[in-house]
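Analysis of the macromolecular model
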Amino acid sequence: MSLIATLGAIEIGLVFALVALGVYITFRVLDFPDLTVDGTLPLGAAVAAAMIAGGVNPVFATLAAIVAGCLAGTVTAWLNIRFAILHLLAGILTMSALFSINLRVMGVPNIPLMNRPTVIDFFTWLNPFIAILGLPARPTLRVLALLIIVTVIAALLARFLKTEFGLAMRATGANPRMARAQGIRTDMYIYVGVALSNGLVALAGALFAQTAGFADVSIGTGTIIAGLAAVILGETIFRSRSIVVAVFSCLIGAIAYRLAIALALNAGWLGLRASDLNLVTAVLVGIALMLPGVANPLRGLFKRSAP
Amino acid sequence: MRLRATMIGSGLALALLAGTAAVAQQAQKVTVAVTAIVEHPALDAARDGVKKALEDAGYKDGANLTFRYESAQGSPATAAQIAQKFAGENPTVIVAIATPSAQAMVTATQTIPVVFTAVTDPVAAQIVKDRQAPGGNVTGISDFSPLEAQFDLIKELVPTAKRIGVVYNPGEANSVALLNAVKALAPARSLQIVEASAGRTADVSGAAQNLVGKVDAIYLPTDNTIISALGTVLNVGADNKLPVFTGDTESVQKGSVASIGFDYFQVGVETGAVVVRVLKGEKPGSIPVKNASGSNLVINTKAAAAMGVTIPPAVQARAKQVIN
C-alpha cells in the first residue's frame, strides 16, 4: 500500500470517525438505533457545499451543516417521542424525506467544490512542519487538519458524557424506567442525544464534501453500516468500560475500517477482482469481530497493568 | 575470414537490435489505471473499449502495459479512496469513468494525467474549466446524448405524439442535465414533457405506471437507476401499447423501441485514443474535451410491434442494427 493510499484511508477514516461518534451516541449511549444518518451525511455535505459554492465562508457553512443535522435528528426524536413511532421507523422516515430535501438544498444532485475555499485552508500554518517531515503536502495537510478537528470533538464529547448532563443521558439509555424514577426527563435527553448524533454526522458530510471535492446526494448510502462497523471494530480493539476510551476507540475503529477497505483494494495479488471489494471488507471486519472469542493480540497492549 | 566477418557483423546487428528493442521496451512500459463509480454494462463496455484502443496502439496488457481497474461499487467515499490509491501509485495515465470518480480523481492529483469518460457535463462538474482548453492534467470524452436526433426519431416513429413522459432519477446529475436539455428542445417540436421521478430502482415501476394515460410515449435518458429497472418500464409499455424509447442503444436490444445513442465500447475506444495521445507525450491540458461521436440508430421491430409502433421502411433502411 502506498503512502498516499494510506494517508487517503486515514483521511476518510477520520471523516467517518465523526459518523462513528454519532452512531456511538445513539446506539451505545441512548440505545436508540437511528437510521437518520444515511440522510444526514449527505445533508451536511449539501448544506456546506451549497453555501461554499454560494460564496459563504467555509467555517460558517460547516457550522450551518451541523445545525441542519441537529434539526434532522430532532425530527426523528420528535416522531419517536411525540407520536410513539418505533425509533427504527422514525429514522427511516426522516432519512427518506432528507433525500428530497438534500436535492432541494443543492438544487442539483452534484455540487463540485474543486478550487473553492474549505475549512482545511485554516490549517495551512501546518505546512512548514509537513515540509520538515517530507510528507506529501496536500494529503498530509488534510489528514492533520482532520486529526485536529476530530480529536478536539472526541475530547469534548468524552468530557460532555462525563458531566452530570451526560451521565443522565447514559442513564436514559441504560435503564429508562429507573432513570425516570430518579427524576430524569428521559425525553429531553433523547432529543439532545439524537440531535447531537446527527449534528456530528452532518459535520462528517460537510468535511467529506470539502476534502473529497464534491457533494453528491448519493454519498449517504451505507453510512450506518460504516458507522456501526467502526464502533464495533473500536470496541473489539479496546475492551474498556471507560467512556473516554470508548469514545476514542470509535476513532481508531473508523480508521481501521478504512484501512481494511484500502487493504481490500490492494488485494489484487490474491486473485480478487474489483467487484469483490464489499465481500473482502465484510470478511476483514468479520474476522476482527471474531477475534475477541479467540485471542486479541492488541488487547494485551492496552490492558491496565493489574486488575 | 568472410565467415568470421559475417558472424561479427550479424552479431553486432543482433546486439544492436536487442539494444534498441530493450530501449523501446523501456520507453513503452506504461501503467494505465482505470476507475469507475460502479460496475454497469455501459461503463464496463467503456473500460473494455479503452483497453482495446490501447491494444490496437501496441500496448499489450502484461507485456509493455500494466492495466489496473478498480470499481467504487457505487460509493463516493470508496471512489475518493481509490483516487488516493491511484495518486499514490503514480501510474502513467489514469482513466476515470463517470462523474463522481472523475471528481474524486481530479481532487486527488494535480500532476498525473487524468482522462475521464462517460461524464455528461465536465464543465458543470468542474472537472475541467473549459472544453476547448482544459489546462492542467485533465482531459477526456463526454457523453451528452444526441437528444435532438433522438426526439426527431420519436416524432418520426410516433407522428401523433404530443406528450412524452420522461422517467429519471432526480439524484443523478447526468439525468437532471439531460432532462433540462430535453425540456429546452421540446417546444420547437411541439412536444410537451411530463416528468416522472424515481429515486430508487424500486420506484421506477410506479413512476412508469403513473404515466399511463397521460403520455403518448415514454423516454428514458441514460440514467443508471432507471436503466437498471428497464424491464418494469418495458412491461408497462407493452401492457398499455405505450412505446418506450431509450437514450442508450443497449436497452434497445433488451426491448425498447429504438434509439440513436452511443455504443459505449466505441466511447471507450475514443477515450483510449486520447489515452494513447497522452502516453505518446501530449499534455492532457492541451487536448480539447470532445463529445463522444459514433452514435448509431438501433431499432427493435419486435418491441415496436408489441408497443403499437410501425417502423417506416426508410427508418429501417437507415438503422445500423435491426433487432427482430
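It should be noted that the structure appears before, not after, this text.
Residues numbered from 1 in each chain as written. Chains lettered and ligands numbered in written order. Predicted model: local features only at pLDDT ≥ 70, side-chain atom pairs only at ≥ 80, totals over all residues. Heavy atoms only, no water.

1. Let's talk about the overall build of chain A
Broken down by element type, chain A carries 13 helices and 2 strands. Taken over C-alpha atoms, the radius of gyration comes to 19 Å for chain A, in line with the 19 Å a tight globule of 307 residues would show. Dimensions along the principal axes, computed over C-alpha positions, put chain A at roughly 60 × 55 × 40 Å. Classification of the 307 residues of chain A by burial places 52% in the buried group. (Helix = DSSP H or I, 4+ residues; strand = E, 2+ residues; numbered from the N terminus. Rg over C-alpha atoms; globule rule 2.2 N^0.38 Å. Buried < 20%, exposed > 50% of the residue type's maximum accessible area, 1.4 Å probe, protein only.)

2. What about the sheet that holds strand S9 (residues 244-246) of chain B?
All names here are of chain B. If you walk across this open sheet you meet the 4 strands as S7-S6-S8-S9, and the pairing is parallel. Every other strand in the sheet has two partners, leaving strand S7 (192-197) and S9 as the edge strands with one partner each. Pairwise comparison of adjacent strand axes, ignoring direction, gives a mean angle of 25 degrees for this sheet. Judged from the 6 bridges that link them, strand S6 (residues 163-168) and S7 form a sheet pairing that is parallel. (Pairing = 2+ DSSP bridges. Axes fitted to C-alpha atoms, helices over the stretch in contact; angles between N-to-C directions.)

3. Points about the pattern of salt bridges
Residue and element names in this part refer to chain B. According to the stated counting rule, one finds 15 salt bridges over all chains in the structure shown. For the salt bridge of lysine 85 with glutamate 89, the shortest nitrogen-to-oxygen distance reads 3.0 Å. With lysine 85 and glutamate 89 both in helix H3 (residues 76-89) and 4 residues apart, the pair spans about one turn of that helix. Several salt bridges share partner residues, and in doing so they unite Arg68, Glu70, Lys85 and Glu89 into one network. (Salt bridge = Lys/Arg side-chain N within 4 Å of Asp/Glu carboxyl O.)

4. A few points about the pairing of strand S5 (residues 138-142) of chain B
Residues and elements named next belong to chain B. Across the 5 residues of S5, 5 count as buried, placing the element largely inside the fold. Across the two faces of S5 the burial is the same, with Val138, Gly140 and Ser142 and Thr139 and Ile141 all buried. Two elements, strand S4 (residues 114-119) and S5, share 4 bridges in a ladder whose sense is parallel. The partner of phenylalanine 116 across the bridge, within S5, is glycine 140.

5. Structural notes on the packing of helix H2 (residues 41-56) of chain B against helix H11 (residues 264-279) of chain B
All names here are of chain B. The geometry of H2 relative to H11 is characterised by a closest axis approach of 6 Å and an angle of 45 degrees between their N-to-C directions. One finds that H2 runs oblique with respect to H11. Viewed along their axes, H2 and H11 form a crossing whose handedness is right-handed. Between H2, through Ala42, Ala45, Ala46, Asp48, Gly49, Val50, Lys52, Ala53 and Leu54, and H11, the contact on the second element is made entirely by Tyr264, Phe265, Gly268, Val269, Thr271, Gly272, Ala273, Val275, Val276 and Leu279. (Parallel < 35°, antiparallel > 145°, perpendicular 65-115°, else oblique. Left-handed = near helix turned anticlockwise from the far one by under 90°. Contact = heavy atoms within 4.5 Å.)

6. A look at a nonpolar patch on the surface
Residue and element names in this part refer to chain A. Taken together, the side chains of Trp125, Phe129, Ile132, Ile148, Val152 and Leu156 make up a nonpolar region of the molecular surface, amounting to roughly 660 Å² of accessible area. Among the elements of the structure, helix H5 (127-133) and helix H6 (137-162) are those that each provide at least two residues to the nonpolar patch. Here the nonpolar patch gets 3 residues from one element, more than from any other, and that element is H6. (Patch = residues over 30% accessible without salt bridge, like charges linked within 9 Å, V, L, I, M, F, W, Y side chains within 5 Å. Areas by Shrake-Rupley, 256 points an atom, 1.4 Å probe, with all protein chains shown as cover.)

7. Points about the interface of chain A and chain B
Facing 38 residues of chain A, the contacting portion of chain B comprises 35 residues. Summing both partners gives a buried area of about 2800 Å² for chain A against chain B, and 59% of it is carried by carbon and sulfur. At the surface where chain A touches chain B, the tally comes to 0 salt bridges. When residues of the side of chain A that touches chain B are traced back to their parent elements, those giving at least two are helix H1 (3-29), helix H4 (87-106), strand S1 (110-112), H6, helix H9 (186-212), strand S2 (214-216), helix H11 (243-265) and helix H12 (277-290) of chain A. A per-element tally of the side of chain A that touches chain B places H1 of chain A first, with 7 residues. (Buried area = accessible area lost by both parts, 1.4 Å probe.)

8. Some thoughts on H3 of chain B
Residues and elements named next belong to chain B. Given a rise of 1.5 Å per residue, 14 residues ought to cover 20 Å, and the 20 Å separating the end C-alpha atoms of H3 matches this to within 8%. Burial within H3 is extensive, with 12 of its 14 residues counted as buried. Those residues of H3 lying buried are Pro76, Ala77, Thr78, Ala79, Ala80, Gln81, Ile82, Ala83, Gln84, Lys85, Phe86 and Ala87. Positive backbone phi, approximately 50 degrees, marks asparagine 90, located one or two places after H3. (Expected span 1.5 Å × (residues − 1).)

9. Section: the nonpolar core
By size, the foremost hydrophobic cluster in this structure holds 143 residues, and its most contacted members are Leu18, Leu21 and Tyr24 of chain A together with Val32 and Leu54 of chain B. A per-element tally of this core places H1 of chain A first, with 15 residues. With sequence-adjacent residues up to four places away left out, leucine 18 of chain A is seen in contact with Val150, Ile153, Leu200, Leu203, Ala204 and Leu207 of chain A. Grouped together as the second largest cluster of nonpolar side chains are 51 residues, Ile164, Val167, Ala229 and Val315 of chain B included. (Core = buried A, V, L, I, M, F, W, Y, C linked by side-chain atoms within 4.5 Å.)

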